[in-house]
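# Coordinate inspection notes
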Amino acid sequence: MAKDDATGRKKRGNRKQLGRPTIADVARLAGCSPMTVSRVINHEASVREDTRKVVQAAIEQLNYSPNRAARSLAGASQLRIALLYTNPSASYLSEFLMGCLEEASHSDVHLVVERCAFGEDEEEVIRRLTNSGIDGFLLPPPLCDEKPLLELLRQLDSRAVLVGPGTAEAEDWAVMIDEYQAAYDMTNHIIGLGHKRIGFVIGNPHQTASGQRLTGYLDAMAAAGLDVPEGLVRQGLFTYRSGIDAAMYLLDQSDPPTAIFASNDDMAAAAVAVAQRRHLDVPLDLTVCGFDDTPIASTIWPELTTIRQPIHEMASKALEMLATELRAERSGKPSDPVHLKLDYSIVRRQSDSAPGLARKVWGASRQEG
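Residues numbered from 1 in each chain as written. Predicted model: local features only at pLDDT ≥ 70, side-chain atom pairs only at ≥ 80, totals over all residues. Heavy atoms only, no water.

### Observations concerning the overall build of the protein chain
Per the secondary structure count, the protein chain includes 13 helices and twelve strands. Taken over 369 residues, the protein chain has a buried fraction of 50%. For the protein chain, the accessible surface area stands at approximately 17600 Å², while carbon and sulfur atoms represent 49% of it. (Helix = DSSP H or I, 4+ residues; strand = E, 2+ residues; numbered from the N terminus. Buried < 20%, exposed > 50% of the residue type's maximum accessible area, 1.4 Å probe, protein only. Areas by Shrake-Rupley, 256 points an atom, 1.4 Å probe, with all protein chains shown as cover.)

### Some points on the side chain of Arg213
Tracing the sequence through the fold places Arg213 in helix H9 (residues 208-223). In this structure the side chain of Arg213 is engaged in a polar contact, spanning 2.7 Å, whose partner is the side chain of Glu179. A distance of 2.5 Å separates the side chain of Arg213 from the backbone oxygen of Ser263, its partner in a polar contact. The residues contacting Arg213, other than those within four sequence positions of it, are Glu179, Ala183, Phe200, Phe238, Ser263, Phe291, Asp292 and Gln309. (Polar contact = N/O pair within 3.5 Å; in protein donor to acceptor, adjacent residues only side chain to side chain. Contact = heavy atoms within 4.5 Å.)

### Considerations on the packing of helix H10 (residues 240-251) against helix H11 (residues 265-277)
Taken N-terminus to C-terminus, the directions of H10 and H11 make an angle of 50°; their axes are 7 Å apart at the nearest point. Taken as axis vectors, H10 and H11 run oblique relative to one another. Regarding H10 and H11, the two cross each other, and that crossing is right-handed. For the pair formed by H10 and H11, the contact residues are Tyr240, Ser242, Gly243, Ile244, Ala247, Met248 and Leu251 on the first element and Asp266, Met267, Ala269, Ala270, Ala271, Ala273, Val274 and Ala275 on the second. Looking at the contact of H10 with H11 residue by residue, the class counts come to twelve nonpolar, two polar and one charged. (Axes fitted to C-alpha atoms, helices over the stretch in contact; angles between N-to-C directions. Parallel < 35°, antiparallel > 145°, perpendicular 65-115°, else oblique. Left-handed = near helix turned anticlockwise from the far one by under 90°. Nonpolar A, V, L, I, M, F, W, Y, C, P; charged D, E, K, R; others polar.)

### Considerations on the pairing of strand E2 (residues 109-115)
Pairing of strand E1 (residues 79-85) with E2, which is carried by seven bridges, proceeds in the parallel orientation. If you follow Arg80 over to E2, its bridge partner there is His110. (Pairing = 2+ DSSP bridges.)

### A closer look at the sheet that holds strand E9 (residues 287-292)
One open sheet holds the six strands; their spatial order is E7-E6-E8-E9-E10-E12, and the pairing between them is mixed. Unpaired on one side and paired on the other, strand E7 (233-235) and strand E12 (345-347) mark the two borders of the sheet. The sheet shows a mean angle of 20° between the axes of neighbouring strands, direction not considered. Judged from the four bridges that link them, E9 and strand E10 (residues 305-308) form a sheet pairing that is parallel. Along E10, the bridge assignment pairs Phe291 with Ile307. Along the sheet, H9 contacts strand E6 (198-202), E7 and E9; its crossing angle with E6, the most-contacted strand, is approximately 165°.

Structure, rendered in structure tokens:
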């Protein structure tokens, strides 16, 4: 019988005080996720034999006896999926989160959103979430390219879908666009307007999409027989601040570009701001184009011509894909990894025009006068 405490209230039993091991304790000892322990308990065929033996040994060592809730975990209808983020672009994250939230309600998924600073606390975050019963992870850029993070998830036998990588390994689940071809097509569009000196701002060097976009630009310039001297390309970080620095560098050249193609909309918006600060008209004096079609592209003036990457749809498809695969695993029918490529498009707005248009407009107005 429970004793009264000083306030006269009955003391409640504490599960931890009783020393009863939990499924999380087994997962920690076995070095895997609670979901993996649950798969072993429920005799699912999707668990590797070596993992099964380690989990069973942990169960025996702890004298763990799964209760009804633990046994039903693998068959529960609702999934718990974590969205990890560390993207510097608020516009990108806003679109991504809206796509996830919309799909989560359709797929009966409980979405957990958590910041994960790679190189600082990623292992602690991943282990804490897996031990809390998270079934799988969504990894948007730049986390989708962090190899040690992906390896840690594999070691924990936890499922993840990568969203927006430039490339993906055969064993990875991924949702992406053709980054190379999109950049190639945008560069061709700018060349088609008559530009020959086209500056390019590279994205974060740690993201594979950055390299794909740079290669697409370089190949399109080469195919058109246009030179790309060192002064026409500048490193950025996908941040507005880095876009300002890159645009200032490009426009400080003795023979500055007549167009700037930035690897995302934040950096393109920064290029517009630098041009306007220097009393250059966009697009009459300088064409500026971006990539992603995030909200900033249509909220600045002039509105940006950009590559529309369907971020909302990519997030939605990734969550749907992950939920479907997790449920298939629960039923013992896992599928092979899929690389889903979605369509992109060039959205033309007010930030591009033929080169030297300002001089042509000024000359025409003088003739009319």
